[in-house]
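Summary of the model geometry
Residue strings, one per chain:
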Amino acid sequence: MTHDLLHIEDLHLAFGGSAHPPAASGRAVLHGVGLTMRRGEIHALVGASGSGKSLTARAVLGLLPPGARLTHGNIRFEGAQLAHAPESALRALRGDRIGMVFQDPLSSLNPLHTIERQVAEPLAIHKGIRGPRARARALELLDMVGLDEPEARLASYPHQLSGGQRQRVALAMALANDPALLIADEPTTALDTTVQSQILRLIDTLRHRLGMGVLIVSHDLGVVRSLADVIHVMDAGCIVESAPTTRIFSAPASPVTRALLGAEGPSGPAPLPETTATQPALLEARDMGVTFTRQRGLFGLRKTGHDALVSASFTLRRGECLGVVGESGSGKSTLALAVLRLIASRGRVTLDGQRLDTLDEEALRPLRRKVQAVFQDPFSALNPRMTVAESIAEGLTTHFPDLRGRQGLKAMHDKTLAALDEVGLSDDFMQRYPGELSGGQCQRVVIARALALRPEVLVLDEPTSSLDRALQFQVVALLRDLQLRHGMACLFITHDLSLVRSFCHRVMVLHRGHVVEAGPTPVVLDAPATATTRALVEAALGCAPASASGLSAATAEPTGLMVGRPRFAEMTPAHDAATPSNRRPRSDAAGA
């Protein structure tokens, strides 16, 4: 035990009930979890959504959701007992000897504080370092994690950075005091494959440089294959298999592991009627542009504008799915928000022949049922004070007046149950709150809420990023089925090119706010015409999940990706650079 960095033994955790006697009541969610890791090792906790991965990792630092409690077991860090340790002892470890990177960096960063202040905060709390020394250390950390233009980023706020940049800032904060253990909960979720490869390689490099141990949580075995020394597979709150990474992929012993390795999606998108090409557009966007304005100088009198989206156009017909891909900060989410009329934009948006860009909010409200959205961060999309049933019912009562009141209770209950069943959740989830759900379960609730309204167009911004591989394909198969039955159209924003192949008829590639390539999915992905698309495809191959036989879709490491320096600059919502003159959208970019 003297050499153990972290030792978890027979850990049990429950929601609700009383702590006296322990484990006598409440809903048990962890059952005898145990693992041991030494300095310099990387261990991965993997499993399906809701298997207990994040709860196990968070239990180490006592960062459990409301109502959760340890009922039995030991957690020892460098020999010290952390289970039931006082809050003061845990607080002294957080951000010092143990660093943590959370799943959604935007939620874990303070929107009111600059990057400099947030990176310097753990230095001030644990080391008493302030002023110029703290600024110098913050610059050193941001450079170490590969953030482009680190000095310029010090004065930025979280919302001004892309997802990849925010994740690098969160990693810099976690590493500020040279921790002995780094806990990373889904550190690459929702990042494009290029940035994902960079973050994973960066963690591995820093592990060797700093000699720290890493406990990484992921739903994707393919992501941790090139990183972890040991993998622990979880299912229903138990570790069902623990083994070196090579053995997990070459000779998986558990059916759960084999299922995670062997998950496969639909062979392709839903078939379209031959008349689709001649049908009128259901959703059409022409020359969409978004410019973010920054105030600079004394009293903010000098304003500068930066283009986040430049002249983007597309056409979407009933039953079609258009994939939107691109590196972190390329303008994908900005395009979705502009189409949904949730941010100020230029250009023309038409739904079933009706102009949306000329309507005010009151006129738009009844049309919002027809165009529903699933956003990237499910925790931010759900009201923490509303149960799952209340969250789904809110939209139904808003758009279907006959479901209001006592006479509509039965129909409301049935529709809510049906929506949950479609995304693989049982009626047990009806009365739970978001804080009692895993990231994947929250994402399924958000998808169920949108599908309950039977929209004509579904805008999905990284809808499966929090789900395990099998569930990702299950959701894609569900959406594919709804397209076949109801003619629903989808605008599908994702970093996962395998999902694009399974679900999207056409794909559009964004780079620095410009459409650089578009066309039928097989044409664009199999014979990319631009360096942007080629880089995304290469990175996707490098992170491709392996099959149960242990053979990856690609055996080589991603090429041309340097640790600490992105191959393509990660852009903020204010994309400074123009599209290179030798890149032009394809003639079919609009889907005409």
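As the structure is a computational prediction, the values presented were derived from the model and not from experiment. Think of each chain on its own: its residues are numbered from 1, step by step along the sequence as written. Note on the predicted model: pLDDT of at least 70 is required for a residue's local features to be given, and 80 or more for side-chain atom pairs to be given and counted; whole-chain, interface and lining totals, by contrast, use all residues. Water and hydrogen atoms were dropped before computing side-chain values, which therefore reflect all heavy atoms in the structure.

Turning our attention to the overall build of the chain. Counting from the N terminus, the helices are DSSP H or I runs at least four residues long and the strands are E runs at least two residues long. Scanning the chain for helices and strands turns up 21 helices and 20 strands. Residue burial considers only the protein chains on display, and all accessible areas are found by Shrake-Rupley using a 1.4 Å probe. Per element, the accessible surface of the chain, about 24000 Å² overall, is 53% carbon and sulfur.

The next subject is the packing of helix 4 (residues 115-127) against helix 5 (residues 131-144). Contact geometry for helix 4 and helix 5: axes closest at 9 Å, N-to-C directions at 105°. Between helix 4 and helix 5, the crossing angle belongs to the class labelled roughly perpendicular. Between helix 4 and helix 5, the residues in contact are Ile115, Glu116, Val119, Ala120 and Leu123 and Ala134, Arg135, Arg137, Ala138, Leu141 and Leu142, respectively. Axes, fitted as lines to C-alpha atoms, cover a helix only where it is in contact. Angles between the N-to-C directions of the axes lie from 0 to 180 degrees. Angles below 35 degrees are treated as roughly parallel, those above 145 as roughly antiparallel, those between 65 and 115 as roughly perpendicular, and all remaining angles as oblique. What makes two residues a contact is simply this: any of their non-hydrogen atoms within 4.5 Å.

Attention now moves to the nonpolar core. In this description, a nonpolar core means a group of buried Ala, Val, Leu, Ile, Met, Phe, Trp, Tyr and Cys residues linked to one another through side-chain atoms lying within 4.5 Å. Buried, partly exposed and exposed residues are distinguished by accessible area as a fraction of the type maximum, computed with a 1.4 Å probe on protein chains only: under 20%, between the cut-offs, and over 50%, respectively. Leu451, Leu458, Leu479 and Phe503 are the most contacted members of the largest nonpolar core, which has 53 residues in total. Apart from the residues within four sequence positions on either side, Leu451 is in contact with Glu422, Leu458, Leu478, Leu479, Leu482 and Met488. The next biggest cluster of nonpolar side chains, apart from the first, holds 50 residues, and it includes Ala120, Ile199, Leu221 and Leu260.

Another aspect to go through is the confidence of the model for the chain. Each residue gets a pLDDT score, which is the predictor's confidence in that residue and runs from 0 to 100. On average, residues of the chain score 82 in pLDDT, and 86% of them reach the 70 mark or higher. Overall, residues 544-590 carries pLDDT values under 50, and its contacts beyond four positions in sequence, including any with other chains, amount to 135 contacts.

Turning our attention to the side chain of His43. On the secondary structure map, His43 appears in strand 3 (residues 42-47). Setting aside anything within four residues of it in sequence, one finds His43 in contact with Thr36, Met37, Val214, Leu215, Ile216, Val230 and His232.

Aromatic contacts are taken between Phe, Tyr and Trp rings whose centres are within 6.5 Å, Trp giving its six-membered ring; a plane angle under 30 degrees counts as stacked, one over 60 as edge-to-face, and the others as tilted. Taken as a whole and judged by the stated rule, the model has one aromatic pair. Taking 5.1 Å as the distance between ring centres and 80° as the angle between the ring planes, the aromatic pair formed by Phe492 and Phe503 counts as edge-to-face. Taken together, the residues span a long stretch of sequence, with Phe492 in strand 18 (residues 489-493) and Phe503 in helix 19 (residues 497-503) at a distance of eleven residues. In this structure Phe503 comes out as buried when scored by relative accessible area, which is 0%. The rule is short: NZ of Lys or CZ of Arg within 6 Å of the ring centre and within 35 degrees of the ring normal puts a charge over the ring. Across from the ring centre of Phe249, 4.6 Å away, lies the NZ or CZ of Arg225, which sits over that ring.

Strands were regarded as paired on the criterion that DSSP finds at least two bridges between them. Spatially, 16-17-18-13-19-20 is the arrangement adopted by the six strands of the open sheet, whose pairing is mixed. Either end of the sheet is taken by a strand with one partner, and the two such strands are strand 16 (371-374) and strand 20 (514-520). The average angle at which neighbouring strand axes cross in this sheet is 15°, direction not considered. Note that strand 17 (residues 457-461) and strand 18 share five bridges and pair parallel. Each residue of the ladder has a partner; that of Leu458, found in strand 18, is Cys490.

This next bit is on the side chain of Thr114. Assignment of secondary structure puts Thr114 in the loop between helix 3 (105-108) and helix 4. We call two N or O atoms a polar contact when they sit within 3.5 Å, provided that within protein one can donate a hydrogen and the other can accept it, with sequence-adjacent residues counted only if both atoms are side-chain atoms. Polar side-chain contacts of Thr114 include one of 3.3 Å to the backbone nitrogen of Arg117. Discounting chain neighbours no more than four positions away, the residues touching Thr114 are Leu154, Ala155, Ser156 and Tyr157.

This part takes up helix 18 (residues 469-486). Each turn of an α-helix holds 3.6 residues, which means side chains three or four residues apart point in the same direction. Between the first and last residue of a helix there are one fewer steps than residues, each counted as 1.5 Å, and that sum is the expected span. When the terminal C-alpha atoms of helix 18 are compared, their 26 Å separation across 18 residues agrees well with the 26 Å that a helix rising 1.5 Å per residue should span. Among the residues making up helix 18, those that are buried are Arg469, Leu471, Gln472, Phe473, Val475, Val476, Leu478, Leu479, Leu482 and Gln483. Packing partners of the buried residues in helix 18 comprise strand 13 (321-326), helix 16 (409-422), helix 17 (439-451), strand 17, strand 18 and helix 19.

What follows concerns the sheet that holds strand 9 (residues 230-235). Pairing in this open sheet of six strands is mixed, and the strands run 6-7-8-3-9-10 from one edge to the other. Each of the sheet's edge strands pairs with one partner strand only, and the pair in question is strand 6 (98-101) and strand 10 (238-244). For this sheet, the mean angle separating the axes of adjacent strands, direction not counted, is 15°. Running at roughly 170° to strand 6, helix 7 (residues 163-174) makes contact with strand 6 and strand 7 (181-185) of the sheet.

Look at Asp10: it is not a glycine, yet its phi comes out positive at around 50°. Within the secondary structure, Asp10 sits in strand 1 (residues 4-15). Even without being glycine, Arg454 reaches a positive phi, approximately 50°. Mapped onto the secondary structure, Arg454 falls in the loop between helix 17 and strand 17.

Tracing the backbone shows Pro520 in strand 20. Pro520 sits twelve residues away from Met508 along the chain, and the two C-alpha atoms are 8.9 Å apart.

Moving on, we come to the pattern of salt bridges. Every case where a carboxyl oxygen of Asp or Glu lies within 4 Å of a side-chain nitrogen of Lys or Arg is listed as a salt bridge. Applying the stated criterion across every chain, the model contains 22 salt bridges. Each member of the salt-bridge network shares a partner with another, and the members are Arg39, Glu78 and Arg97.

Turning our attention to the pairing of strand 3. Summarising burial for strand 3: six of the six residues are buried, a large majority. What you see with strand 3 is no split at all: Ile42, Ala44 and Val46 on one side and His43, Leu45 and Gly47 on the other are buried throughout. Pairing between strand 3 and strand 8 (residues 213-218): five bridges, direction parallel. By the bridge assignment, His43 is partnered in strand 8 with Leu215. With five bridges connecting them, strand 3 and strand 9 associate as parallel partners. Looking at the pairing, Val46 lines up with Val233 of strand 9.

The N-to-C vectors of helix 7 and helix 8 (residues 193-210) enclose an angle of 15°; their axes lie 11 Å apart at closest approach. Accordingly, the angle class assigned to the pair helix 7 and helix 8 is roughly parallel. Classified by chirality, the crossing of helix 8 by helix 7 is right-handed. Note on element contacts: helix 8 touches helix 7 through Val195, Gln198, Ile199, Leu202, Ile203 and Leu206, opposite Gly164, Arg168 and Leu171. Here the nonpolar group is Ala, Val, Leu, Ile, Met, Phe, Trp, Tyr, Cys and Pro; Asp, Glu, Lys and Arg are the charged ones; every other residue, Gly included, is treated as polar. The residue makeup of the contact of helix 7 with helix 8, split by class, is six nonpolar, two polar and one charged. A clockwise turn of the near helix away from the far one marks a right-handed crossing, whereas an anticlockwise turn of less than a right angle marks a left-handed crossing.

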